[in-house]
Amino acid sequence: HFATHENWAVFDDAAPTWTLLQQRGYTLGVASNFDERLPQIWRGFPLPVEPDLLFYSSRLGFPKPSPLFFRAAERQLDLAPEQILIVGDDRENDWESPLAAGWHALLLRRGAQPGSDQVFSSLTEMSGLLAAR
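Since we're looking at a predicted model, the values are computed, not measured.

Quick notes on the rules
- Residues numbered from 1 in each chain as written.
- Predicted model: local features only at pLDDT ≥ 70, side-chain atom pairs only at ≥ 80, totals over all residues.
- Heavy atoms only, no water.
- Buried < 20%, exposed > 50% of the residue type's maximum accessible area, 1.4 Å probe, protein only.
- Helix = DSSP H or I, 4+ residues; strand = E, 2+ residues; numbered from the N terminus.
- Arc of directions from axis to C-beta.
- Phe/Tyr/Trp six-rings, centres within 6.5 Å; stacked < 30°, edge-to-face > 60°.
- Salt bridge = Lys/Arg side-chain N within 4 Å of Asp/Glu carboxyl O.

**Comments concerning helix α1 (residues 14–23)**
1) Next: If you check which residues of α1 are buried, you get A14, T17, W18 and L21. Buried residues of α1, viewed axially, fall in a sector of 100 degrees; they line one side.

This is how it looks when you write it as structure tokens:
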């Protein structure tokens, strides 16, 4: 059931935000605690990503929030921690742990009132900040 993209959904603001950020020159990838089914599922979405920019725990050998997950992604990207931004909806896995690893992080809380300049209620709101930089 979970191995095909038909059983997953992409939020309406994902594709336009993805396109805008790519046009602005950002390199975009995916960081997930999913397994080896992710590449096949991802191919069904309207969000193009190179296979080497799919970072998932079963491939890297470590799940988020382990610092080893972030170190493995850095090595694969050949980037320093401070050069990487992660956007996610899980406080521990996508915000606290990446920040502790030296990454930049933005927390997505759909429909919530932003609590700081690192918390956003939509990808559209977040993309406005990134597009301006």
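Back to the text.
**Quick word on the packing of aromatic side chains**
1) Next: By the definition in use, this model includes six aromatic pairs.
2) Next: Judged by centre distance (5.7 Å) and plane angle (55 degrees), the rings of F2 and W8 are tilted.
3) Next: With a relative accessible area of 45%, F2 lands in the partly exposed category.
4) Next: For the pair W8 and F34, a centre-to-centre distance of 5.5 Å together with 90 degrees between the ring planes defines the contact as edge-to-face.

**Regarding the pattern of salt bridges**
1) Next: Considering all chains together, one arrives at four salt bridges under this definition.
2) Next: The partner of R110 in a salt bridge is D13, and the shortest N-O contact between them spans 3.0 Å. With R110 in the loop between β4 (104–108) and β5 (119–120) and D13 in the segment before α1, this pair connects stretches of sequence that are 97 residues apart.
3) Next: Residue classification places R110 among the partly exposed residues on the basis of a relative accessible area of 32%.
4) Next: Put simply, E74 and R71 hold a salt bridge, and the shortest N to O gap is 2.6 Å. Highlighted residues: E74 and R71, both in helix α4 (residues 67–77), separated by three residues, approximately one helical turn.
5) Next: For E74, a relative accessible area of 8% puts it in the buried group.

Interpretation note: all reported values are geometric properties and have no functional meaning in isolation.
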